[in-house]
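As a plain string of letters, each chain reads:
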Amino acid sequence: MLLFCLLFISTISEAGNRNPQDVARRIRQTFESDLYRLEPGMQRHFAQRMYRITGDERYAYPLFLDYLILEKNLQATLDSLHNRVWVDRQMSRILDRMDDGGRKGRLRRQMFEHNGDMALYLEMLRAAYALEDYGVCSTGSLGLCGQAVVELGKVDLPLFLLDTAVIRVYSAQAVNGVYYMYQLRLGDFRTEYASAFRQTFPDDRDAELSDLEFGDKIYGLTHFVTAASNYYQKPVDSAEFNWILGYFELRQARILHNLKADIVAEVGLCFLLAGQDRHLLVDQCRKIVLDEFDPGSGIVPSPAGNTDLDLGEHRNILAYMLLEWPRELHPGPRLPDLGSFQTIFYR
């Protein structure tokens, strides 16, 4: 018993004395050593964010692969959009991938099953946005993105994205969709979405939300800020998002004690994007992440202790950014501006 107590006290002391830079370095080393074994989507998510906080062009290489996949898939979608057999097959694939057996996946699948081919159009929207963001896809009428914009303009995306039932189970992705539309000049529905979100999740009814539902609300709110930053490419106006930051302060006890580490990290990152790096809540969010870090695996595991790198990439890149926030962000990458892009694709 004495040995157990000493080990327990040692563990608590170690967690309390962890250096944020050392933990960030371990997370980075863990993922970089296995980066090219991750699924392409996870490689893209990790490398894109690492580029934007370091400016290191080595992180652009996984994004070349992402570019090729996006372009190929978007062209295939545009070529087959009016082929009912192909569309049905793609919809089935998307819904199967979405439904992971969990609560959110089940609810989202049910939602999309009652909204025609909307899941496919949202994939097209994200692909067009990503290619335009990489600087490899003109939105002119003859370009690939331009063709996608024309097809997307035929669909009532706002009707779907502003729907209360959609926001309740798909809030973060919905706000992303609104900002993708804005970037692609398909319409500015940011104010309408903010209003719809607040009607869906009124603050005076937070007590009625389960912790899972409250987490959905907080996660959705964080995406207003990250989307406005163009996903960590630029700071945001603190005053514009004071209604969100102030709300996080008001609900900080529940956020810190009841929500998962990835959502807590997103909350801290919102303050950093708004230039409030000395805010007390940032330090409290960092402490949660440090306490959750597992030295044995070199990552922040899932609440159930899962250390799979693909499943934990999102959680850990957020943790890394929170612990190792830079003095400045690096927009891009715009792939054609990189010498390596010219070498690979124009030789």
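Remember, predicted model here, so these are calculated numbers, not experimental data. The written sequence of each chain sets the order in which its residues are numbered from 1. Only residues with pLDDT of at least 70 get local features here, since the model is predicted, and only at 80 or more are side-chain atom pairs given and counted; chain-wide, interface and lining totals rely on the full set of residues. Here the side-chain values reflect all heavy atoms present in the structure, with hydrogen atoms and water set aside.

### Quick look at the state of the cysteines
Phase 1: Put simply, a disulfide is two cysteine sulfurs that come within 2.5 Å. Applying the stated criterion across every chain, the model contains 1 disulfide.
Phase 2: Shown here is the disulfide that connects Cys-137 with Cys-145, its sulfur atoms set 2.1 Å apart. Torsion about the S-S bond of the Cys-137 and Cys-145 cystine: about 125°, corresponding to right-handed handedness. When sorted by exposure, Cys-137 lands in the same class as Cys-145, which is buried.
Phase 3: In this structure Cys-270 is not part of a disulfide, and its nearest cysteine sulfur, from Cys-285, lies 9.3 Å away. Buried means the residue's accessible area, taken with a 1.4 Å probe over protein chains only, is under 20% of the maximum for its type, while exposed means over 50%, and partly exposed covers the values in between.

### Examining the pattern of salt bridges
Phase 1: Salt bridges are defined as contacts in which a side-chain nitrogen from Lys or Arg sits within 4 Å of a carboxyl oxygen from Asp or Glu. One pass over the structure, following the stated rule, counts 22 salt bridges.
Phase 2: We note a salt bridge from Glu-123 to Arg-93, for which the minimum N-O separation is 3.6 Å. With Glu-123 in helix α7 (residues 118-134) and Arg-93 in helix α5 (residues 84-98), this residue pair connects regions lying 30 residues apart in the sequence.
Phase 3: Taking relative accessible area as the criterion, Glu-123 reaches 27% and is therefore assigned partly exposed.
Phase 4: For Arg-93, a relative accessible area of 35% translates into the label partly exposed.
Phase 5: A salt bridge links Asp-206 to Lys-217; its shortest N-O distance comes to 2.7 Å. Of this pair, Asp-206 sits in the loop between α11 (190-200) and α12 (211-228) while Lys-217 is found in helix α12, placing the two residues 11 residues apart along the sequence. Per the convention used, a helix needs a DSSP run of H or I reaching at least four residues, while a strand needs a run of E reaching at least two, with both numbered from the N terminus.

### Some points on helix α10 (residues 164-183)
Phase 1: The span one expects for a helix is its residue count, reduced by one, times 1.5 Å. Relative to the 28 Å expected for 20 residues at 1.5 Å per residue, α10 spans just 23 Å between its end C-alpha atoms, considerably shorter than the ideal helical length.
Phase 2: Maximal helix bending in α10 amounts to about 110°, located at Tyr-170.
Phase 3: The element α10 is largely enclosed, with a buried count of 14 among its 20 residues.
Phase 4: Under the rule applied, a polar contact is a pair of N or O atoms within 3.5 Å (in protein, one hydrogen donor and one hydrogen acceptor; residues adjacent in sequence only if both atoms are side-chain atoms). For α10, the capping residue at the N-terminal end is Asp-163, with a side-chain oxygen 2.7 Å from the backbone nitrogen of Ala-165. Take the seven residues that end at a residue and the seven that start at it, fit an axis to each, and the angle between those axes is the bend at that residue.

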